[in-house]
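# Structural description and commentary
The chain contents come next:
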Amino acid sequence: MRTRISVIGAGMVGGTCAQRLAERGYADVVLLDIVEGLARGKALDILESLPVVGSDARVHGTSSYDDVRGSEVVVVTSGIARKPGMTREDLVMTNAKVIREVCENISRVAPESIIVMVTNPLDAMVQLALHVTKLDRTRVIGQSGILDSARLRTFIAEELSVSASSVNAYILGGHGNTMVALPRLSSVGGVPLLDLLSQERVDALVERAVNGGAEIVQLLKTGSAFYAPAAAAVSMVDAIVLDKREILPCAVRLEGEYGIDGVVVGVPVKLGAAGVEQVLQLELSASEKQALLRSADAVRETVAIMGL
Ligand code: NAI
Ligand code: 2OP
C-alpha cells in the first residue's frame, strides 16, 4: 500500500502543502476541508499538474474523514489566519474550536499517525492537540522554528550576498513576539555570524525575522504567509516519511529540558520515522535561557485562555 499523507484545511497553507507533497511523489495526498468544493477543486487542479511535473502521486479532495484513515502523517492547517493588526494569539478561541473537532476526528480514523500542527497560535494549538488526542509528545509536533529560522537565514544571506544554504541560524521559543534568536550560535560557512556583522546589524535582521509574519500580513492585507510556511511544514513531513533523522527546530512539549516542564515551545529535535526521536539541549547563555523561559511563559498564558 502506498504511504498516505493527509492535509487538513485546504486554504493557502494547506493547498500549498498538498501541492509540494504531491510533487515529491513519495506518497498519496488527501486534502480535507469543511468547504468540500474547495478541497476537491484544489486536489483536482494539483492532480492535473502532476503529468507535467512527472509525479505519479494520487491526490484526493474531500470533506470526509473516512478518506484520512490510515494516514502516516496528518498536517493540520485548518482555522483562520491573521489579518492586519491581529496577533497570532488573537486567533486562539476560534481556532481552538476547529482544532478540537479536527483532532477528535484524527484520533478516530488515524490514531497511529504523526500530527504536524501548523494552525496558530501554534504552540498553544500543539498543546491542545496533545490534550485532545492523548498522543505522546513525540507524535504531535508543531511547525514554527523552521520558518522563523528560514526568514533569518534569508535576511543574513541577502545582507552578506551569500547563498542561504551557507547560513546556519536558529530561532527557538514560541511562534510569537517572544521567539528567541540565537545569533551567538549562528554561522556563515562555519564563521561565527558576529565575526561578520556588527551586533547592531544582527539585531536589525533578527527584528525583521521576528516580525516576518506581520510584514507579510501587512503586504497581503487579506491573509498571512503561505509559501514559506508550507515549505517548512513539508520539510517536517520529509524528515518523518523518509526517516531522515534531521535536526530541525520544532515545537514540542518540553518535559524538564531547558528547565521547562509541560509547555510546548520550539527547540531543536531529531525528527525521523518515530516523530521526535530526541530533544537536543543546546548550551544556552544565562540571557538566552531567560529569553526561552519568558517565551514559555507567554505560551502558558495563551494556553490558559483555553482553560487547559
Ligand atoms: P486559510 O484561511 O487560507 O485556510 C484555512 C482553511 O481551514 C480554510 O479553507 C477553512 O475552510 C478551513 N477550515 C476551517 N475550519 C475547518 C474545519 N473545522 N475542518 C476543516 N477545515 C477547516 O488560512 P491559511 O493561510 O491556510 O492559514 C491556516 C492556519 O495556519 C492559520 O491559523 C494561520 O495563522 C496558520 N499559519 C501558521 C504558520 C506557522 O508557521 N505555524 C504559518 C502560516 C500560517
Ligand atoms: C507566519 O509567521 C502567520 O505564523 C504565520 O507567517
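Residues numbered from 1 in each chain as written. Chains lettered and ligands numbered in written order. Predicted model: local features only at pLDDT ≥ 70, side-chain atom pairs only at ≥ 80, totals over all residues. Heavy atoms only, no water.

In this section: the nonpolar core. The biggest cluster of nonpolar side chains holds 87 residues, and the ones touching the most others in it are Val 68, Val 75, Val 76, Met 117 and Leu 271. Tallying contributions element by element places helix H9 (residues 227–241) first for this core, with nine residues. Beyond its immediate chain neighbours, meaning those up to four positions away, Val 76 contacts Ile 8, Ile 99, Val 102, Ile 106, Ile 115, Val 116, Met 117, Val 118 and Thr 119. Listed in part, the 17 residues of the second largest apolar core include Ala 181, Leu 205, Val 206 and Val 210. (Core = buried A, V, L, I, M, F, W, Y, C linked by side-chain atoms within 4.5 Å. Buried < 20%, exposed > 50% of the residue type's maximum accessible area, 1.4 Å probe, protein only. Helix = DSSP H or I, 4+ residues; strand = E, 2+ residues; numbered from the N terminus. Contact = heavy atoms within 4.5 Å.)

In spatial order, the strands read E7-E10-E11; together these three strands make up an open sheet with antiparallel pairing. Sheet topology places strand E7 (167–168) and strand E11 (191–192) at the edges, where each strand pairs with a single neighbour. The sheet contact formed by strand E10 (residues 187–188) and E11 spans two bridges and is antiparallel. Bridge pairing in E11 places Val 188 opposite Val 191. (Pairing = 2+ DSSP bridges.)

Examined bridge by bridge, strand E2 (residues 28–32) and strand E3 (residues 59–62) share four bridges and lie parallel to one another. By the bridge assignment for E3, Val 29 is matched with Val 59.

It is worth spelling out the domain arrangement of the protein chain at this point. Examined at the domain level, the protein chain breaks down into domain 1 (4–143) and domain 2 (145–305). Between the C-alpha centres of domain 1 and domain 2 the distance comes to 22 Å. Each side of the interface is counted separately: domain 1 has 39 residues, and domain 2 has 54 residues. Our count for the domain 1 to domain 2 interface comes out at three salt bridges. Within the residue set of the side of domain 1 that touches domain 2, elements represented by two or more residues are helix H1 (12–24), strand E4 (73–76), helix H3 (92–109), strand E5 (114–117), helix H4 (122–133) and strand E6 (140–142). Considering every element that reaches the side of domain 1 that touches domain 2, the biggest residue donor is H1, with seven residues. Grouping the amino acids of the side of domain 1 that touches domain 2 by side-chain chemistry returns 22 nonpolar, seven polar and ten charged. (Domains from an automatic or database assignment. Salt bridge = Lys/Arg side-chain N within 4 Å of Asp/Glu carboxyl O. Nonpolar A, V, L, I, M, F, W, Y, C, P; charged D, E, K, R; others polar.)

This next bit is on the site of ligand 1. Around ligand 1, 27 residues are found, and the nearest of them are Val 13, Asp 33, Ile 80, Val 118 and Gln 143. One nitrogen or oxygen atom from the main chain of Ile 34 is found 3.5 Å from a nitrogen atom belonging to ligand 1. Between ligand 1 and Asn 95 there is a distance of 3.4 Å, counted from an oxygen atom to a side-chain nitrogen or oxygen. When ligand 1 is considered free in solution it has 870 Å² of accessible area, and contact with the protein chains removes 88% of it. Sorting elements by how many residues they give to the shell around ligand 1 places H3 first, with four residues. Across the shell around ligand 1, the residue classes break down as 15 nonpolar, ten polar and two charged. Per-domain counts for the shell around ligand 1 show at least three residues from each of domain 1 (4–143) and domain 2 (145–305). (Near = heavy atom within 4 Å. Polar contact = N/O pair within 3.5 Å; in protein donor to acceptor, adjacent residues only side chain to side chain. Areas by Shrake-Rupley, 256 points an atom, 1.4 Å probe, with all protein chains shown as cover.)

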